[in-house]
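Summary of the model geometry
In case you want the letters, here they are:
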Amino acid sequence: MVLGVTGGIAAYKSVQVARDLTRLGAEVDVVMTAGAGRFVRPLSFEGVTGRPALTDLFSADGAAQHIRLGYDADVVCVAPTTADFIARAAQGRANDLLSTTLLATRAPVLISPAMNDRMFAHPQTQRNLKHLHEALGYAIVGPASGPLAFGEGEGPGRMLEPGYIVQEIGRALGADPAFTGRKVLITAGPTREPLDPVRYLGNRSSGRMGFALAEAAWLRGADVCVVAGPVAVPAPYGPEIVSVETALEMHAAVGERVGETDLNIFAAAVADFRPTDPSEDKLKRAEVGPEFQIGLTANPDIAAETKSLRRGGAVTVGFALETSDLVENAQRKLDDKGFDLIVANDATDPLAGFDVDTNVATLVWREGEPEALPTMTKHELAERILQGVAALLGEGE
Ligand code: C5P
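Residues numbered from 1 in each chain as written. Predicted model: local features only at pLDDT ≥ 70, side-chain atom pairs only at ≥ 80, totals over all residues. Heavy atoms only, no water.

Focus on the site of the ligand
Neighbouring residues of the ligand: 13 residues in total, closest Phe266, Ala268, Ile302, Phe319 and Lys333. Here the ligand, which alone exposes 450 Å², has 85% of that area covered by the protein. Among the elements of the structure, α13 (302–305), β16 (315–322) and α14 (326–337) are those that each provide at least two residues to the shell around the ligand. Along the lines of polarity and charge, the residues of the shell around the ligand split into eight nonpolar, one polar and four charged. (Near = heavy atom within 4 Å. Areas by Shrake-Rupley, 256 points an atom, 1.4 Å probe, with all protein chains shown as cover. Helix = DSSP H or I, 4+ residues; strand = E, 2+ residues; numbered from the N terminus. Nonpolar A, V, L, I, M, F, W, Y, C, P; charged D, E, K, R; others polar.)

Written out as structure tokens, the structure is:
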């Protein structure tokens, strides 16, 4: 791949990007503009990539170096990208090695802007970025908002953090036609059902499985929204996260979105019941007495009750945690909840279910034989589920 580096202070962070990509197995050719060389030396990049950083359009290594770079690259990412380079790219200029390489490539291109917030907000810069995205199909990743260079205050203009740039590059490389541009809705995590302002009924779901699915679908190019209860693990970078607390809130959030999605995955462990009459004040032991009865009301079954709101042709996946008759119970839920696939876990297996990184699942399809899968990580299972779903998404077109 080609990592283009232009002349902004964020160029020092590009060394980390080059290092991370190299450690992931990429062959990274760093191409620097003259401005980049004022901030960071070619040797810094050579030190982390093992390949000489390239700076000169008219080098003795062969006049057609830009053509080779453009041809060979599976992806080109420019990070940081200055306002000047954005303007040059938008005009199709070819006045240095990096701008020339852009014209010579047909690989996906990512542009990671980094500049002062006023320069970023300027209509010229905005118009150039719009052109790069809409007319040329470049992905514009960032900028992030936060502290800018020393003395410049805060605002939108910071280069995206290196780890996120690497994720964006992974997404450009992993684009799967069955998922690219598709809308995916995922529920994840537990729900909390309040007893009083400080106590709740909940469960041990961590959100790991839902987040693994969300990350995997995003890396395949989907537009992913996760409606997440109070999870115990950090959210993935790419998907939109809508945080909710109770089953009723999750129901409302799903209802608002499910009419527009191509794929729905119900991975949340929704509390089946909520306290009927939560107390407005903190319950006091002395007032409650030695025997405390809690009245419970059934929560809506979110998957079942939003079935009629789904788009025709949308694919829907559910989960089921069972202690007996795994496949029979799952098959019944396929119909009741309108699922195309149920991922059934045996709750008695210590390598499956809540709070662990692994899962042991049987895929129970509406059409076809159940598939009992070996123990794998939740990330591997997410990949496996999406591979299966890709075929159905293709059919729904
Ligand atoms: O009936 P059971 O709880 O086993 O069904 C599990 C499936 O239904 C999961 O996909 C879960 O996310 C979904 N579900 C739901 N709303 C509920 C209960 C379960 O969407 N109230």
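Points about the pattern of salt bridges
Any two side chains of opposite charge can pair, so long as their charged atoms come close to each other. One pass over the structure, following the stated rule, counts 19 salt bridges. Of the charged contacts, one joins Arg257 and Glu256 as a salt bridge, the two residues approaching to 3.6 Å between their closest N and O atoms. Across the salt bridge formed by Lys337 and Asp301, the nearest N and O atoms sit 2.6 Å from each other. Placement of the pair is Lys337 in helix α14 and Asp301 in the loop between β15 (296–298) and α13, with a sequence separation of 36 residues. One salt-bridge network, in which partners are shared between bridges, spans Lys13, Arg158 and Glu161. (Salt bridge = Lys/Arg side-chain N within 4 Å of Asp/Glu carboxyl O.)

Notes on the side chain of Thr33
Its place among the elements puts Thr33 in the loop between β2 (29–32) and α2 (36–39). Owing to a relative accessible area of 7%, Thr33 belongs among the buried residues under this scheme. If sequence neighbours within four positions are ignored, Thr33 has contacts with Val5, Thr6, Gly7, Phe85, Arg88, Asp96 and Leu98. (Buried < 20%, exposed > 50% of the residue type's maximum accessible area, 1.4 Å probe, protein only. Contact = heavy atoms within 4.5 Å.)

Some details on the packing of aromatic side chains
Within this structure, the stated rule accounts for three aromatic pairs. For the ring pair Tyr164 and Tyr237, a centre distance of 4.3 Å and an interplane angle of 15° mean the geometry is stacked. Residue Tyr164 is located in helix α9 (residues 162–174), and its partner Tyr237 is located in the loop between β11 (223–228) and β12 (240–243); the two are separated by 73 residues in the primary sequence. Tyr164 sits in the partly exposed class, given a relative accessible area of 38%. Residue Tyr237 is classed as partly exposed on the basis of its relative accessible area, which comes to 24%. Ring centres 5.5 Å apart and planes at 90° place the aromatic pair Trp218 and Tyr237 in the edge-to-face group. Residue Trp218 is located in helix α10 (residues 208–219), and its partner Tyr237 is located in the loop between β11 and β12; the two are separated by 19 residues in the primary sequence. Taking the relative accessible area as the measure of exposure, Trp218 reaches 5% and is therefore buried. Aromatic ring contacts, followed pair by pair, group Tyr164, Trp218 and Tyr237 into a single cluster. (Phe/Tyr/Trp six-rings, centres within 6.5 Å; stacked < 30°, edge-to-face > 60°.)

Examining the sheet that holds β12
Spatially, β12-β11-β8-β13-β16-β17-β19-β20 is the arrangement adopted by the eight strands of the open sheet, whose pairing is mixed. Unpaired on one side and paired on the other, β12 and β20 (371–372) mark the two borders of the sheet. Where strand β8 (residues 183–188) meets β11, six bridges bridge the pair, whose relative direction is parallel. In the strand pairing of β11, Thr187 is matched with Val227. On the sheet, α14 packs against β16, β17 (341–346) and β19 (361–365) and is oriented at approximately 150° with respect to β17. (Pairing = 2+ DSSP bridges. Axes fitted to C-alpha atoms, helices over the stretch in contact; angles between N-to-C directions.)

A closer look at the nonpolar core
Judged by nonpolar contacts, the single largest core of 38 residues is most densely connected at Leu213, Leu263 and Ile385. Among the elements of the structure, β8, α10, β11, β13 (263–266), β16, β17, β19 and α15 (378–395) are those that each provide at least two residues to this core. With eight residues, the top contributor of residues to this core is α10. Filtering out sequence-adjacent residues up to four positions away, Ile385 remains in contact with Met209, Leu213, Phe319, Leu341, Val343 and Leu363. Formed by 27 residues, the second largest nonpolar core is a distinct cluster that contains Leu3, Ala18, Ala114 and Ile165. (Core = buried A, V, L, I, M, F, W, Y, C linked by side-chain atoms within 4.5 Å.)

Looking at the domain arrangement of the protein chain
Considered domain by domain, the protein chain is made up of domain 1 (2–173) and domain 2 (183–274 + 292–395). Summed over the shared surface of domain 1 and domain 2, the result is five residue pairs in polar contact (both at pLDDT 80 or more). Among the residues forming the side of domain 1 that touches domain 2, the class breakdown is two nonpolar, two polar and two charged. (Domains from an automatic or database assignment. Polar contact = N/O pair within 3.5 Å; in protein donor to acceptor, adjacent residues only side chain to side chain.)

What to know about the pairing of strand β1 (residues 2–5)
Burial along β1 is two-sided: the face carrying Val2 and Gly4 and the face carrying Leu3 and Val5 are both buried. As paired elements, β1 and strand β3 (residues 76–81) share three bridges and run parallel to each other. In the sheet register, Val2 faces β3, and the bridge partner there is Val76. Across four bridges, the pairing between β1 and β2 is parallel. Note that in β2 the partner of Val2 across the bridge is Asp29. In this region the chain leaves β1, passes through helix α1 (residues 11–23) and returns to the parallel neighbour β2; the handedness of that crossover is right-handed. (Right-handed = clockwise from strand over helix to strand, strands pointing away.)

Here's the deal with helix α11 (residues 247–257)
Along α11, the positions that sit buried rather than exposed are Ala247, Met250, Ala253 and Val254. Within α11, the buried residues cover an arc of 125° as seen down the axis, which keeps them to one side. Taken together, the buried residues of α11 touch β8, β9 (193–194), β11, β12, β13 and α13. (Arc of directions from axis to C-beta.)

Some thoughts on unusual backbone geometry
Residue Ala79 is joined to Pro80 through a cis peptide bond whose omega torsion reads -5°. The omega angle of the peptide bond from Gly142 to Pro143 is 5°, so this bond is cis rather than trans. By the element assignment, Pro143 lies in the loop between β5 (139–140) and β6 (144–147). A positive phi angle, close to 45°, is found at Asp325, a residue other than glycine. As for its position among the elements, Asp325 is in the loop between β16 and α14.

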